[in-house]
Amino acid sequence: MIGAMPQAFDTLSLSPATLDNLRRLGYLEMTAIQAASLPSALLGKDLIAQAKTGSGKTAAFALALLANLNPRRFAVQSLVLCPTRELADQVTTEIRRLARAEENIKVVTLSGGVPLRGQTTSLENGAHVVVGTPGRVMDHLDRGNLQLDALGTLVLDEADRMLDMGFFDDIAKVARLCPAQRQTLLFSATYPEGIAKLAAQFLRDPVTVKVEAQH
Ligand code: ADP
Ligand code: MG
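Residues numbered from 1 in each chain as written. Chains lettered and ligands numbered in written order. Predicted model: local features only at pLDDT ≥ 70, side-chain atom pairs only at ≥ 80, totals over all residues.

**Points about helix 4 (residues 85-98)**
Its 14 residues place the ends of helix 4 20 Å apart at the C-alpha level, agreeing with the 20 Å of an ideal helix rising 1.5 Å per residue. For helix 4, every residue scored as buried is listed here: Ala-88, Val-91, Thr-92, Ile-95 and Leu-98. Projection of helix 4 onto a plane perpendicular to its axis shows the buried side chains occupying an angular sector of 135°, all on one side. Among the structural elements, helix 1 (16-24), helix 3 (57-67), strand 2 (78-81), strand 3 (107-110) and strand 4 (129-132) are those in contact with the buried residues of helix 4. (Helix = DSSP H or I, 4+ residues; strand = E, 2+ residues; numbered from the N terminus. Expected span 1.5 Å × (residues − 1). Buried ≥ 20, exposed ≤ 12 C-beta atoms within 10 Å, placed from the backbone. Arc of directions from axis to C-beta. Contact = placed C-beta atoms within 7 Å.)

**Section: the site of ligand 1**
All residues adjacent to ligand 1 are Tyr-27, Met-30, Thr-31, Gln-34, Ala-51, Thr-53, Gly-54, Ser-55, Gly-56, Lys-57, Thr-58 and Ala-59. For the shell around ligand 1, the element with the most residues is helix 3, which contributes three residues. (Near = placed C-beta within 6 Å.)

**Comments concerning the nonpolar core**
Counting residues in each nonpolar core, the largest one holds 60 residues, and the members touching the most others are Phe-61, Leu-81, Val-130, Val-131 and Leu-186. In terms of residue count, helix 3 provides more of this core than any other element does, eight residues in total. The contacts of Leu-186, once residues within four sequence positions are left out, are Leu-47, Ile-48, Leu-156, Ala-159, Leu-198, Ala-199 and Leu-203. (Core = buried A, V, L, I, M, F, W, Y, C linked by C-beta atoms within 7 Å.)

**Some points on the environment of Ala-75**
As for its position among the elements, Ala-75 is in the loop between helix 3 and strand 2. On the basis of neighbour count, Ala-75 is assigned to the partly exposed category, with 14 C-beta atoms found within 10 Å.

**Observations concerning the environment of Glu-158**
Looking at where Glu-158 falls in the secondary structure, it is placed in the loop between strand 5 (153-156) and helix 7 (159-164). As a C-alpha pair, Glu-158 and Thr-58 span 100 residues in sequence and 9.7 Å in three-dimensional space. Setting aside chain neighbours within four positions, we find Glu-158 in contact with Cys-82, Pro-83, Leu-87, Phe-187 and Ser-188.

**Concerning the environment of Arg-100**
Residue placement: Arg-100 occurs in the loop between helix 4 and strand 3. By C-beta crowding, Arg-100 is classed as partly exposed, having 13 other C-beta atoms within 10 Å. Along the chain, Arg-100 and Asn-21 lie 79 residues apart, while their C-alpha atoms are 7.1 Å from each other.

**Observations regarding the pairing of strand 5**
Burial along strand 5 is two-sided: the face carrying Thr-153 and Val-155 and the face carrying Leu-154 and Leu-156 are both buried. Of the pairings in the sheet, the one linking strand 2 to strand 5 comprises four bridges and is parallel in character. What sits directly across from Ser-78, in strand 5, is Thr-153. Two elements, strand 5 and strand 6 (residues 183-188), share four bridges in a ladder whose sense is parallel. (Pairing = 2+ DSSP bridges.)

**Some remarks on helix 9 (residues 193-202)**
Within the sequence span of helix 9, burial applies to Leu-198, Ala-199 and Phe-202. All buried residues of helix 9 project into a common sector of 95° when viewed along the axis, lining one side. Across from the buried face of helix 9, at angles greater than 90 degrees, the exposed residues are Glu-193, Ala-196, Ala-200 and Gln-201. Elements that come into contact with the buried residues of helix 9 comprise strand 1 (47-50), helix 7, helix 8 (168-176) and strand 6.

**Remarks on the sheet that holds strand 1**
Ordered in space as 3-4-2-5-6-1-7, the seven strands form an open sheet in which the pairing is parallel. The strands lining the two open edges of the sheet, one partner per strand, are strand 3 and strand 7 (207-210). Geometrically, the sheet is characterised by an average inter-axis angle of 15° between neighbouring strands, direction not taken into account. Pairing geometry for strand 2 and strand 4, over four bridges, is parallel. For Val-80, the partnering residue across the bridge sits in strand 4 and is Val-131. (Axes fitted to C-alpha atoms, helices over the stretch in contact; angles between N-to-C directions.)

**Points about the packing of helix 6 (residues 134-142) against helix 8**
Relative placement of two packed helices is described by the angle separating their axes and the distance separating the axes. Where helix 6 contacts helix 8, the two axes come as close as 9 Å, and the packing angle between them is 40°. Compared by their axis directions, helix 6 and helix 8 come out oblique. Relative to helix 8, helix 6 is oriented so that their crossing is left-handed. Contacts from Pro-134, Gly-135, Val-137, Met-138 and Leu-141 in helix 6 reach Asp-170, Ile-171, Lys-173 and Val-174 in helix 8. Class assignment of the residues belonging to the contact of helix 6 with helix 8 gives a composition of six nonpolar, one polar and two charged. (Parallel < 35°, antiparallel > 145°, perpendicular 65-115°, else oblique. Left-handed = near helix turned anticlockwise from the far one by under 90°. Nonpolar A, V, L, I, M, F, W, Y, C, P; charged D, E, K, R; others polar.)

Structure (structure tokens):
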């Protein structure tokens, strides 16, 4: 990896409102993984992105999925799968912060260990983005609470941890219920063998980016 030059977000094709919001959040320059992944992700390409924890992977996929979203279309257009409830909550918070510039984007969290009922009501009230753990998302799909026919972007976040936790089959089931014509973004801190298998099955001609740990 070549010594990373700082890069401003305004080198990307993001809306002026989004760029204003990033400045307000104090996001002045892209992190290395954001600079490596956002240009391809914003073009709609599938992506495998590997970088250590704390490197800003959430905003990398959040900005891409928000750019692809139509706020006036009342359907789930993005789904982010995360390993744990805590991570799903963190991802939801970050997407909401980054979406502030957009009009009324609804993000619903579907995690295990939380009663189904409130989640079902939230889905009935409409969601543009769903963030959740694979088992619970599959549960809502089985019950007919969640439809994915308008899905444009599927994100597998912390994919290595999801595999460690035994979610391969649930991820596979969910991915098979997504439209074939979609963008799939896979983010991971490490690249064990299972990730290659996951990518081979569910990503289409992906761009691979990796940011080495900095010392
Ligand atoms: P990862 O998913 O790689 O572990 P996170 O997405 O949780 O990392 O980001 C780690 C922290 O960095 C968060 O507090 C986030 O708000 C912050 N962050 C992300 N991108 C930027 C940026 N471009 N500039 C400043 N802070 C950022
Ligand atoms: Mg993360």
